[in-house]
Amino acid sequence: MRKLILMVQLSIDGYTSEKDGNTDWMVYNWGSEWTWDDELKKYFTNLTASTDCILLSRKMAVEGYFDYWASVAANSSLPQSGFAKNIVAAHKVVFTKTLERSVWDNAELAKGDLKKEVKKLKKQEGKNMMVYGGATFVSALIEAGLIDEYQLFINPTALGSGTSIFKKRTNLHLVNERSFACGVTVLKYERPLS
């Protein structure tokens, strides 16, 4: 059975954004400049290449996630184009209660029960699956016990308050940690075996 991997950037105190949604404190904030060091870029790109299916919330999809990465993939002069090509090539599943049809290439809508839909996807053939966000969607996946591996990209900034993906106590098992020159530390966790 394939795994569902969460890849998310967090502040050192565990927030995905400030209360107003601001994320300009992230070492890499999805702009044209890729300020991560080369080793972290390689880690990030390889992790994405190890998956072939992306799960996303309706809100994040509608706000332009797929369109943005398609434009980056089409511009080979951008340093993120290799990563973006992985996004474009992957099958996408957008979880929604309101959309009637998918308007994105290689994407389908999941409109049923979250647990049933994700468990069905996990049983399909293929590489592992990745989820990037948004925060509310990720929180629902965590609460339902559907995330198998957490790749937490910890930025060297404390916010004091903000948006958290964890809504209740969640016990995890640390598998690996790695620090990078740009100040980001990646913590890899799995759910402990019951």
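Note: the structure precedes this text.
Please read these numbers as outputs of a predicted model, since none were measured by experiment.

S.K.: Sorry if this is basic, but what is going on with the overall build of the protein here?
M.R.: When helices and strands are counted, the protein shows six helices and eight strands. Secondary structure of the protein in N-to-C order comes out as β-α-β-α-α-α-β-β-α-β-α-β-β-β. Considering only C-alpha atoms, the protein reaches an extent of 45 × 40 × 35 Å along its principal axes. Scored against the burial criterion, the 194 residues of the protein give a buried share of 43%. If you take every contact in the protein between residues at least 6 apart in sequence, the share linking residues at least 24 apart comes to 68%. Accessible surface for the protein amounts to roughly 10,000 Å². Of this, 49% is attributable to carbon and sulfur atoms.

S.K.: What is the right way to look at the pairing of strand β8 (residues 185–190) in this model?
M.R.: Remark: a regular strand shows side chains that alternate across the two faces of the sheet. Examined bridge by bridge, strand β6 (residues 149–154) and β8 share six bridges and lie antiparallel to one another. For tyrosine 150, the partnering residue across the bridge sits in β8 and is tyrosine 189. Adjacent in sequence and paired antiparallel, strand β7 (residues 173–179) and β8 are bridged by five residues, among which glycine 183 carries a positive phi angle near 105°.

S.K.: When you look at the packing of aromatic side chains in this model, what are you seeing that I'm missing?
M.R.: The relative placement of two aromatic rings is captured by the distance of their centres and the angle of their planes. In total, this model carries 14 aromatic pairs according to the counting rule given. Measuring from ring centre to ring centre gives 4.6 Å for phenylalanine 44 and phenylalanine 83, while their planes differ by 35°; the resulting arrangement is tilted. One end of the pair, phenylalanine 44, is in helix α1 (residues 38–49); the other, phenylalanine 83, is in helix α4 (residues 81–89), and 39 residues separate them in sequence. Both residues of the pair, phenylalanine 44 and phenylalanine 83, belong to the buried class. It is lysine 92 that lies over the ring of phenylalanine 66; its NZ or CZ is 5.9 Å from the centre.

Cut-offs applied
Residues numbered from 1 in each chain as written. Predicted model: local features only at pLDDT ≥ 70, side-chain atom pairs only at ≥ 80, totals over all residues. Heavy atoms only, no water. Helix = DSSP H or I, 4+ residues; strand = E, 2+ residues; numbered from the N terminus. Buried < 20%, exposed > 50% of the residue type's maximum accessible area, 1.4 Å probe, protein only. Contact = heavy atoms within 4.5 Å. Areas by Shrake-Rupley, 256 points an atom, 1.4 Å probe, with all protein chains shown as cover. Pairing = 2+ DSSP bridges. Phe/Tyr/Trp six-rings, centres within 6.5 Å; stacked < 30°, edge-to-face > 60°. Lys NZ or Arg CZ within 6 Å of the ring centre and 35° of its normal.

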